[in-house]
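# Structural description and commentary
What follows is each chain in one-letter form.
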Amino acid sequence: MSLIMSRRDLDFLLHEWLDTGALLQRDRFAEHSRETVDAILDLAELVATADFAPHNRAADLAEPRFDGTTVHVLPGVGPALRAFADAGFLVATADASAGGAQLPISVFSACMAWFQAANAATSGYPLLTMAAANLIRAHGTPEQVLRFADPMAEGRFFGTMALSEPQAGSSLADITTRAERQDDGTYRLFGRKMWISGGDHELAETIVHLVLARTPDAPPGTRGISLFLVPKHLVDPDGRVGERNDVVLAGINHKMGFRGTVNTAPVLGDGAFTPDGRPGAVGYLLGAEQRGLPIMFSMMNEARIGVGLCATGLGYTGYLKSLAYARERTQGRPVGAAPGGPQVPLVEHPDVRRMLLAQKSYVEGALALILFASRLADDAETLPDPQGRQEASSLLGLLTPIAKSWPSQWCVAANDLAIQVMGGAGYTRDHDVEQHYRDNRLNPIHEGTHGIQALDLLGRKVLLDHGAALGRLVARIEATAARARGADQAGTTPADAGGPALADLLTSTTRDLVATTAALGALGDPAATMADATAYLEAFGHVVVGWLWLEQWLAAHGRQGPFYEGKRAAATFFLTRELPRVGPMLALLRAADRLTLDLDPDVL
Amino acid sequence: MREVDSETMKIVVCVKQVPDSWAEKTLRPSDNTLDRESVDAVMNELDEYAVEEALRLQEAQGGEVVVLSMGPSQATDTIRKALSMGADAGVHVVDDGLHGSDAVATSLALAKAIEAQGADLVIFGSESTDARMSVVPAMVAERLGLPQLTFSSSVAVDGGTVRTNRVTEYGYDVVEAPLPALVSVVEKINEPRYPSFKGIMAAKKKPVQTLGLADLGVAAGEVGLGAAWSVVAEAAARPPKAKGTIVADDGSGGVAIADYLSAQKFI
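Reading guide: rules and limits
Residues numbered from 1 in each chain as written. Chains lettered and ligands numbered in written order. Predicted model: local features only at pLDDT ≥ 70, side-chain atom pairs only at ≥ 80, totals over all residues. Heavy atoms only, no water. Disulfide = S-S within 2.5 Å. Buried < 20%, exposed > 50% of the residue type's maximum accessible area, 1.4 Å probe, protein only. Helix = DSSP H or I, 4+ residues; strand = E, 2+ residues; numbered from the N terminus. Pairing = 2+ DSSP bridges. Core = buried A, V, L, I, M, F, W, Y, C linked by side-chain atoms within 4.5 Å. Contact = heavy atoms within 4.5 Å. pLDDT = per-residue confidence, 0-100. Patch = residues over 30% accessible without salt bridge, like charges linked within 9 Å, V, L, I, M, F, W, Y side chains within 5 Å. Areas by Shrake-Rupley, 256 points an atom, 1.4 Å probe, with all protein chains shown as cover. Salt bridge = Lys/Arg side-chain N within 4 Å of Asp/Glu carboxyl O.

Turning our attention to the state of the cysteines. Residues and elements named next belong to chain A. The final tally for this structure, using the stated rule, is zero disulfides over all chains. There is no disulfide at C310, and the cysteine sulfur nearest it, in C411, is 10.0 Å away. Judged by relative accessible area, C310 falls into the buried class, the value being 3%.

Written out as structure tokens, the structure reads:
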């Protein structure tokens, strides 16, 4: 049995819960069937196991090295990425007309769970490349697609997303990189970027940076930002990689985890190279001037779900590894057992089982959340009726901050528990779980921090929307609860007969959330409404995952065997022990507590 | 010697579905045959090298690659895998009457199926991970009257001739035979490719022919458990590992160890 990911769980979620068979009936997926989906998941497991997992620790111990000119990464990374590209994963979901396989996004997410769990850092390179290529395909000119996106689809060029600057991370409105229009329609860029993953390496023929910058006459704030395509090397119209562009590194960042993905501080237009005889990084406008941020954010759903998936993969593999350890390692005796008797495996102790069940409820809940969000992305594109597509799209928008933040919080908590289960061994570098924890700690930070997700959820997705999408979510939750109440009471075990009780726990908390939302909206003071948005985000996330656990409980209902008993136990754990954490958070929000809002920074 | 046009050369690769090499295997209590239901099934690892070699020969000089498997209905998964690696067509020999066939009976059914295909070159993996006898390729060659070039670490076809390096204890022999011929390969020969998305999607549309005993002209009495030359009369699970002997060393430990080794006839 693999310790990277659970194929059994992926099959359960895709087929026994999400009815992927029905999805495959849609025109876009006509070339696919259960058979191809199974074979593609086999392939993901094979490449992840044989090419990604083996250098995961080595890449952590020997992090990328910058020699002042070039970044050198571990030798195992290049062949792994070649195998990934050759298998076809880079264009898995792309249109057939672009050489793609038109795989459903939900099935692709299941594939990526293998790669993320096997080696999150190496997975970072193709993910950035795919996101950049998709963006060029969606918003670039046909010539830009041909010159840049097509080589990226083949794995010849890699991509980056260059948004942040040393003085502007979360606050993109304050970026200062300058883009000067040239007579020939190109631009020259000048400025500094920061936290740019994959910003330099020798894994590809060249690197295509997608760079946010301002044109000289642009208005201040986010509305003045444009998006540029800035390659490390100039590329001839016939696709040949030529002269070096004026993009170099000031240095690389040395991180706590995720070390295999090089993180860089690029400098544009400092004159280190002089394309066409003069300084300035040559850039090409993507879309229209001053439309950069909306274009960049058109890929944000995908990128944020990708972060949630990475967190999930790391949490999941940590769970499997700590579980295997707890089954093997003997330590201590049960309470009441005679001293001197045989020691029992760790898993025999209830407190260890608590830590394992908590992990299970977090990582399997997170995987369900990610595959559900991915299915919504499929539905938003391929449902036959426009209203269905619109509803899926709005629900996906609402759940995107949850899909990003919930796994980033709770799968780090799972990694924390994996270390705890393994005790001193878990804290050593002889075992993987400490690395998973360090790697995973990035996920609440990048692609919009935890706090930014909270502002997005409460401010934009709930209140600006006047609760419309929230209303649709609540209707779905109530429908699930009604099905659970009506589920056949003659269950196979007591846990299988507990549907009504679990449904009541979920609906009462959901109604509490709705009432709290209304109270926050009625405060009349935006600063007060948003002050504890993170508590709102976390409460909301637990309600959503509680709902998805009840959905899983229903999918397992009436089925026998350890796998289904495990689903029922984890659903019961989450709804009876985790969901109640939400009550005090919602009470705090309703009380419009001003402690942090009014706190004088000087007293800290 | 038959002159083979390389562009129309037909290569038949025999593949076997086996229980996952790493899984614990059990026998079915009813007839002491392998319980295939309780373990994951995979393509025999050496057969992946055989498929790879066939595909490389085809890529170098054209022709057709047909993958042949005898096994229960689920063996189609293994045929599909070979097709998704790039083989052109599949033949599945499946019949309840084949259940429990030994190597002799298996070689008969395979030989009949290969004969029907009219192969110029037949490629096998040199052994399967479940039976590990390495006799089926030789038996099939004998039945078909083909030259057998076994344990090959390289295969080259030139016109009507196949030349292989045959691995031996001291190195390798260079062996040559006219086509049609039968080759078995060892794992040194190549690095099997992964399937790809394109291969997986294309495999769906490739033809897989299903043949039963009647189609092959094999009588039920010639194959299956009843025709097997050996019978598994009884089987018992390996006893659990016994607790080791612990000797407390009070100065006589060395003697105790020597006594133990002597009792086990090690010294």
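From this point, the narrative continues.
Glancing now at unusual backbone geometry. Backbone torsion omega between L179(B) and P180(B) reads 0°, so that peptide bond is classified as cis. Mapped onto the elements, P180(B) comes out in the loop between β9 (171-178) and β10 (181-185). One non-glycine residue, Q102(A), lies in the positive phi region at around 50°. Residue placement: Q102(A) occurs in the loop between α5 (77-87) and α6 (105-118).

Residue and element names in this part refer to chain B. Among the five residues that make up strand β5 (residues 89-93), five are buried, leaving the element largely enclosed by the rest of the structure. Burial along β5 is two-sided: A89, V91 and V93 facing one way and G90 and H92 facing the other are all buried. Relative to β5, strand β4 (residues 64-70) runs parallel, the two sharing five bridges. When the sheet's bridge partners are listed, L68 is paired in β5 with V91. As paired strands, β5 and strand β11 (residues 208-211) are joined by four bridges and run parallel to one another. Following the sheet pairing, H92 is matched in β11 by T210.

Here we come to the nonpolar core. Counting residues in hydrophobic clusters, the biggest one holds 144 residues, and the most contacted among them are F89(A), L473(A), Y536(A) and F540(A). Setting aside chain neighbours within four positions, we find F89(A) in contact with I40(A), L43(A), A44(A), V47(A), F84(A), F108(A), C111(A), F115(A), M130(A) and F197(B). In this structure, L135(A), L163(A), I225(A) and V235(A) belong to the second largest nonpolar core, which totals 33 residues.

Our next topic: the confidence of the model for chain B. Here chain B averages 92 in pLDDT, while 97% of its residues score no lower than 70. Scored as a whole, the predicted complex attains pTM 0.92, and scored at its interfaces, ipTM 0.87.

The grouping of L595(A), L599(A), V603(A) and L604(A) at the surface amounts to a nonpolar patch, some 450 Å² of accessible area in total. Following the sequence through the fold, L599(A) ends up in the segment after α21 (595-598).

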